[in-house]
Number of protein chains: 4
Amino acid sequence: MIIVIQCADRIGLVAAISRLMADKGLNINGMQEFVDNDEDLFFMRLDVDQTDGAAEIEKDLRQILPEGAIVKVNPVPEKKIVVLVTKEYHCLADILVRNYFKTLGATVQCVIGNHTTLQDICSRFDVPFYQVQAGADKEAFEEKLVGTVNQYEFDYLVLAKFMRILSPDFVLRFPMRIINIHHSFLPAFAGASPYRQAHERGVKLIGATAHYVTNELDEGPIIAQQIIPANHSHTVQDMVKAGKEIETAVLAKALKLVFDDRVFVYKNKTVVLE
Amino acid sequence: MIIVIQCADRIGLVAAISRLMADKGLNINGMQEFVDNDEDLFFMRLDVDQTDGAAEIEKDLRQILPEGAIVKVNPVPEKKIVVLVTKEYHCLADILVRNYFKTLGATVQCVIGNHTTLQDICSRFDVPFYQVQAGADKEAFEEKLVGTVNQYEFDYLVLAKFMRILSPDFVLRFPMRIINIHHSFLPAFAGASPYRQAHERGVKLIGATAHYVTNELDEGPIIAQQIIPANHSHTVQDMVKAGKEIETAVLAKALKLVFDDRVFVYKNKTVVLE
Amino acid sequence: MIIVIQCADRIGLVAAISRLMADKGLNINGMQEFVDNDEDLFFMRLDVDQTDGAAEIEKDLRQILPEGAIVKVNPVPEKKIVVLVTKEYHCLADILVRNYFKTLGATVQCVIGNHTTLQDICSRFDVPFYQVQAGADKEAFEEKLVGTVNQYEFDYLVLAKFMRILSPDFVLRFPMRIINIHHSFLPAFAGASPYRQAHERGVKLIGATAHYVTNELDEGPIIAQQIIPANHSHTVQDMVKAGKEIETAVLAKALKLVFDDRVFVYKNKTVVLE
Amino acid sequence: MIIVIQCADRIGLVAAISRLMADKGLNINGMQEFVDNDEDLFFMRLDVDQTDGAAEIEKDLRQILPEGAIVKVNPVPEKKIVVLVTKEYHCLADILVRNYFKTLGATVQCVIGNHTTLQDICSRFDVPFYQVQAGADKEAFEEKLVGTVNQYEFDYLVLAKFMRILSPDFVLRFPMRIINIHHSFLPAFAGASPYRQAHERGVKLIGATAHYVTNELDEGPIIAQQIIPANHSHTVQDMVKAGKEIETAVLAKALKLVFDDRVFVYKNKTVVLE
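What counts and what doesn't
Residues numbered from 1 in each chain as written. Chains lettered and ligands numbered in written order. Predicted model: local features only at pLDDT ≥ 70, side-chain atom pairs only at ≥ 80, totals over all residues. Heavy atoms only, no water. Helix = DSSP H or I, 4+ residues; strand = E, 2+ residues; numbered from the N terminus. Rg over C-alpha atoms; globule rule 2.2 N^0.38 Å. Buried < 20%, exposed > 50% of the residue type's maximum accessible area, 1.4 Å probe, protein only. Contact = heavy atoms within 4.5 Å. Areas by Shrake-Rupley, 256 points an atom, 1.4 Å probe, with all protein chains shown as cover. Buried area = accessible area lost by both parts, 1.4 Å probe. Salt bridge = Lys/Arg side-chain N within 4 Å of Asp/Glu carboxyl O. Nonpolar A, V, L, I, M, F, W, Y, C, P; charged D, E, K, R; others polar. 1 Å grid on protein atoms, 1.4 Å probe; cavity = no way out; pocket = protein on both sides within 12 Å on 5 of 7 lines; lining within 4 Å. Points joined across faces, edges and corners; volume = space filled by probe spheres on them. Patch = residues over 30% accessible without salt bridge, like charges linked within 9 Å, V, L, I, M, F, W, Y side chains within 5 Å. Lys, Arg positive; Asp, Glu negative; His and termini not counted. Charge placed at Lys NZ, Arg CZ, Asp CG, Glu CD. Pairing = 2+ DSSP bridges. Least-squares fit on C-alpha atoms with pLDDT ≥ 70 in both. Polar contact = N/O pair within 3.5 Å; in protein donor to acceptor, adjacent residues only side chain to side chain. UniProt positions renumbered as here; feature names shortened; annotations may be inferred. Axes fitted to C-alpha atoms, helices over the stretch in contact; angles between N-to-C directions. Domains from an automatic or database assignment.

Remarks on the overall build of chain A
Here is step 1 of the chain: In terms of helices and strands, chain A carries eight helices and 13 strands.
Here is step 2 of the chain: Against the globule reference of 19 Å for 274 residues, chain A gives a C-alpha radius of gyration of 20 Å, in line with a compact fold.
Here is step 3 of the chain: Each of the three principal axes of chain A carries a C-alpha extent, and together these read 60 × 40 × 35 Å.
Here is step 4 of the chain: Within chain A, buried positions represent 57% of all 274 residues.
Here is step 5 of the chain: Across chain A, every contact between residues at least 6 apart in sequence was considered, and the portion connecting residues at least 24 apart equals 64%.
Here is step 6 of the chain: For chain A, the exposed surface amounts to about 11,400 Å²; the carbon and sulfur share of it is 47%.

Set out below in structure tokens:
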């Protein structure tokens, strides 16, 4: 059973929480906590040997925690996701493979593409695929998108190289539930064609960033980032190719962290309790 | 004030310890703990806002901890070290610079070399240097070594590229107090000429390992390791040169961890609470 | 057109080769060369704008190169491979996905498993799967293996987590044509259960190594290696899980290098001209 | 003897150059070349067994190279540098140590600080130190700076954590001769307080960039970059501390590349022939 807590900090919180666990005879397999002293915020993730009684544990926890605490006991152990794609396969295929072998920590409900390029790979894995074409009318496009995703229950929308910018209206419907992979080490090279920008600037490393989507383009809370070395001999196409490998790796890592309930969001930042 | 605890594990330990801190009105700035479930061992490092009353805190802690617990409250905040060298300057110079600028977390008492190559750099930093020549008679050499180091109070002996193997007798005098930097990613390429071995084996990465010295050559508990890429174009000399950079970095990192009381040793392994 | 050359070194080789290319009006897009001065060996990889006349170019090259030169002009551009597996899916799935999307640089002819665990994923990608059960009689097992692989034309046998040791007899049939992924940073932790060994030794990094298979277990020429940090909190299972990610990445990278004709073998080492 | 060439590209350049070397009986120990196909530019670095006849080799090379070629035969083997600092010691101390042990590839002529904090470390290494105070009058400050540096012959001005922005006038006096270390992975977090910016943005990696100084703040050609992982638990101060280690490493690496004549500049980018 996983327990996550986010609340105002005060002296004795760890003692009180771990005392409660001990009183209930719960063995703690793992406990990570973090205090942001600037913001006086307390974050904790507990992994305890227990499978039932979630409601009671949550009630008891609330009694010892400050007003306004966010407490989740036994959050959905198997997340549900909808994946949005365009034409590039690398992130999607990685997700489909892990989904198929039950190592994703989530179930892919369906995949939506604005092209049909990736329809076949989905059907090979028996995952429903829907085409929603992106035309000139963005509002109509997003309406269809919302209609399609809402046919499914899901915890997160994963933008696995979905090369369209979503409107604030769309984003607001799913706050902190949309996860994107951007192909640069943000905040460098936000926006379009980051590898072209990187090539022009002559950087000696290229990267990828997985982040929650907010209204500000490529400005949402960062979950995971990684880089690889680059040099003058890399063309833009070489960077694109090399970048795909880390985009895949970074998105996989970020999803794993999110699905394991290790990521806490506040102030446009994340606390990742590993 | 730093508090380190190593003891048998049992349910409620964290609760009891953090309760004690709360009762004493001590604010916990940082707390890292680890439980080795295979060995039922508990490790904790606390950083609390307090400067006095160490003896009483230790007494109170012992009352709530299992028999045989190792408890250190306010361990020596500024370690003292003696550095042993041969001819290579890179690790020693790094230590001397940090020592001079008071960022080492320890004070260098003296440097002992079996050659005089590094005497001048020591004198430039006003650090005493002693030559102890290594002749055919190892016993006599080590006796002189012991005699020299024992003129000083010290917590650790740091072998900063000291290219001699110390006898079990010598090592036993300073258990878990001798720290060595070995120029390979152990356990690969233990013993002599690791870069030559690496070159012959055609590895694609080379590394360095900082570890406590035990009787088994290059087999003591590992504190820190790091690697850098290598390839066919590197000669042994290129590897030696590139290796010096990571040897310096890895030893610096390991020393920082040890001097900050973040390293716990058991079963020929370390727990590093960062 | 790719041209690879491996021969004894002598002054003027680069001049002679590039003069020949210039005389033929061939534009050189990329040229990498390496000289092993200890062994007096010369290695070169050329990428030229040309699609035909391979035989003539090879003939002309041989006239200016030392006796005994290995020259390949326009080597098989699309390699054929047979993949051997046991139960773990990660490396195989990565290969199947790249194969399906035509980015592997090779075509998977078939997959052979000593278990049927991975049969379904192969059939989803329309790749033939054969079970060859490994019983007590190793000779019989390998005979069946040889019989099965020989139904296909192939350039390389890829051991994608094939957890059986092949006999010298088997290996000798396919010299420098068998590529293995070993789950440690060789030469550390050769043989069985490398993660268990790594856990016991308390290393601070774990790795993976792709190498050609020779008669010496885990001692063949290394093609690619990579590591990730590890620490005391990692159980063996954690290491296994984290390790799968780099095993996949390292094997993918090694295969790409081999399929691009960038890997030269000599003296149990590789030269990788990137 | 090192030979560097930068010129317009044309077919047969490598052949012509290596033929010339062969004709002169010069043995090539190392040759790296790069062609920027977009710009039709050719770059080459040769390392040949020869110590004299530089002028003649240069003349002969010019005859076979396109008009306007930049050719340097036997460029200054031991560069001379002037180092500018403020208060932080880490980069300067690293340079002084390498200078003292003759592994810098350059000689430090003098150090100039706008504070006296680092005077003592310089005097310990017998390196002249000058204070040039930065007051309200920037023009006067830079005039004094120019006056001081011009007392010495030097190839490069190294800004080793010199926390002042130099005016275009100053920069123009020393085009592509001023090297700076910036404490972020540019182009992210240019300008002041990059670690504070990084902390606020919640990035998962921090970095350092060594670059030539041009009129655009932190926009000059990048020579070397590196990053280290960061996370939510790092305060700005932690980032500053961790950052110093890579700032030191990145500047050291960049200087080595520049002093070895491996860095070519064009179009606000560098080609680094390693």
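Some details on the interface of chain A and chain D
Here is step 1 of the chain: Each partner contributes residues to the interface: chain A has 31 residues there, and chain D has 31 residues.
Here is step 2 of the chain: Summing both sides of the interface, chain A and chain D together bury roughly 2,400 Å²; the carbon and sulfur share of this comes to 60%.
Here is step 3 of the chain: Here chain A and chain D share two salt bridges between them.
Here is step 4 of the chain: Contributions of two or more residues to the side of chain A that touches chain D are made by α7 (194-201), β11 (222-229) and β13 (269-272) of chain A.
Here is step 5 of the chain: The element contributing the most residues to the side of chain A that touches chain D is β11 of chain A, with six residues.
Here is step 6 of the chain: Broken down by class, the residue content of the side of chain A that touches chain D amounts to 15 nonpolar, nine polar and seven charged.

A few points about the layout of surface pockets
Here is step 1 of the chain: A volume near 660 Å³ is recorded for the second largest pocket.
Here is step 2 of the chain: Together, 29 residues line the second largest pocket, and M163, H182, H183, G191 and A192 of chain A are the ones closest to its centre.

Describing a negative patch on the surface
All names here are of chain A.
Here is step 1 of the chain: A cluster of acidic residues, D137, E139, E143 and D169, forms a negative patch at the surface.
Here is step 2 of the chain: Examined against the element boundaries, D169 turns out to sit in helix α6 (residues 168-173).
Here is step 3 of the chain: Under the relative-accessibility criterion, D169 is labelled exposed at 60%.

What to know about the pairing of strand β4 (residues 70-73) of chain A
Residues and elements named next belong to chain A.
Here is step 1 of the chain: Of the two faces of β4, only the one carrying V71 and V73 is buried; I70 and K72 on the other face are not.
Here is step 2 of the chain: Direction of pairing for strand β1 (residues 2-8) relative to β4: antiparallel, over a ladder of four bridges. Of the residues in β4, the one forming a bridge with I3 is V73.

Overview of the relation of the copies chain A and chain B
Each of the two chain copies can be generated from the other by rotation about an axis followed by a shift along it.
Here is step 1 of the chain: The two copies are related by a screw operation: chain A maps onto chain B through 180 degrees of rotation and 0.0 Å of translation along the axis, at an RMSD of 0.0 Å. What the rotation and shift describe, once combined, is the action of a two-fold rotation axis. Relative to the rotation axis, the closest C-alpha in chain A is found at A15 of chain A, a distance of 2.3 Å.
Here is step 2 of the chain: When the interface residues of chain A are mapped onto chain B, 100% of them are again interface residues, pointing to one common binding face.

Looking at the interface of chain A and chain B
Here is step 1 of the chain: Each side of the interface is counted separately: chain A has 11 residues, and chain B has 11 residues.
Here is step 2 of the chain: Here chain A is connected to chain B by zero salt bridges.
Here is step 3 of the chain: The interface formed by chain A and chain B includes two residue pairs in polar contact (both at pLDDT 80 or more).
Here is step 4 of the chain: Of all the secondary structure elements, the ones that give two or more residues to the side of chain A that touches chain B are α1 (13-23) and β2 (28-36) of chain A.
Here is step 5 of the chain: When the residues that make up the side of chain A that touches chain B are grouped by side-chain class, the tally is six nonpolar, three polar and two charged.

So, the UniProt feature "domain: ACT" (unreviewed entry) in chain A
Here is step 1 of the chain: Within this structure's numbering, the places UniProt gives as "domain: ACT" (unreviewed entry) are residues 2-78 of chain A.
Here is step 2 of the chain: Between the first and last C-alpha atoms of residues 2-78 of chain A the distance is 12 Å; the span itself is 29% helix and 36% strand.

Digging into the relation of the copies chain A and chain D
Here is step 1 of the chain: Under the fitted operation, chain A is carried onto chain D by 0.0 Å of movement along the axis and a turn of 180 degrees, and the coordinates agree to an RMSD of 0.0 Å.
Here is step 2 of the chain: Mapped onto chain D, 100% of the interface residues of chain A are again interface residues, and the two copies thus contact each other with one and the same surface.

As for the sheet that holds strand β2 (residues 28-36) of chain B
Where strands meet in a sheet, backbone hydrogen bonds hold them as pairs that are either parallel or antiparallel.
Residue and element names in this part refer to chain B.
Here is step 1 of the chain: The strand order across the open sheet built from four strands is β2-β3-β1-β4, with neighbouring strands paired in antiparallel fashion. Of all the strands in the sheet, just β2 and β4 (70-73) have a single pairing partner and so form its edges. Ignoring which end each strand starts from, the neighbouring axes of this sheet average 10 degrees apart.

Here we look at the domain arrangement of chain A
All names here are of chain A.
Here is step 1 of the chain: For chain A, the assigned domains read domain 1 (2-73) and domain 2 (175-274).
Here is step 2 of the chain: In this assembly, 13 residues from domain 1 lie in contact with 10 residues from domain 2.
Here is step 3 of the chain: Interface of domain 1 and domain 2: buried area, both sides summed, is about 960 Å²; carbon and sulfur atoms make up 62% of it.
Here is step 4 of the chain: Per-residue buried area on domain 1 facing domain 2 is highest for Q32, F43 and R45; these three make up 46% of the total on that side.
Here is step 5 of the chain: Our count for the contact surface shared by domain 1 and domain 2 stands at one salt bridge.
Here is step 6 of the chain: Taking the shortest distance from any N to any O, the salt bridge between E39 and K267 comes out at 3.0 Å.
Here is step 7 of the chain: Taken together, the connections running from domain 1 to domain 2 amount to five residue pairs in polar contact (both at pLDDT 80 or more).
Here is step 8 of the chain: When contributions to the side of domain 1 that touches domain 2 are tallied by element, the ones reaching two or more residues are β1, β2 and β3 (41-48).

Quick look at the sheet that holds β1 of chain A
Residues and elements named next belong to chain A.
Here is step 1 of the chain: The four strands lie next to each other as β2-β3-β1-β4, forming an open sheet whose pairing is antiparallel. Of all the strands in the sheet, the pair left with one neighbour each is β2 and β4. Averaged over all neighbouring strand pairs, the angle between strand axes comes to 10 degrees, with direction disregarded.
Here is step 2 of the chain: Inspection of the sheet shows β1 paired to β3 by seven bridges, in the antiparallel sense.

Points about the side chain of S167 of chain B
Residue and element names in this part refer to chain B.
Here is step 1 of the chain: Among the structural elements, S167 can be located in the loop between β8 (156-159) and α6 (168-173).
Here is step 2 of the chain: Residue S167 is classed as buried on the basis of its relative accessible area of 16%.
Here is step 3 of the chain: For S167, the contacting residues outside a window of four places in its chain are K138 and E142.

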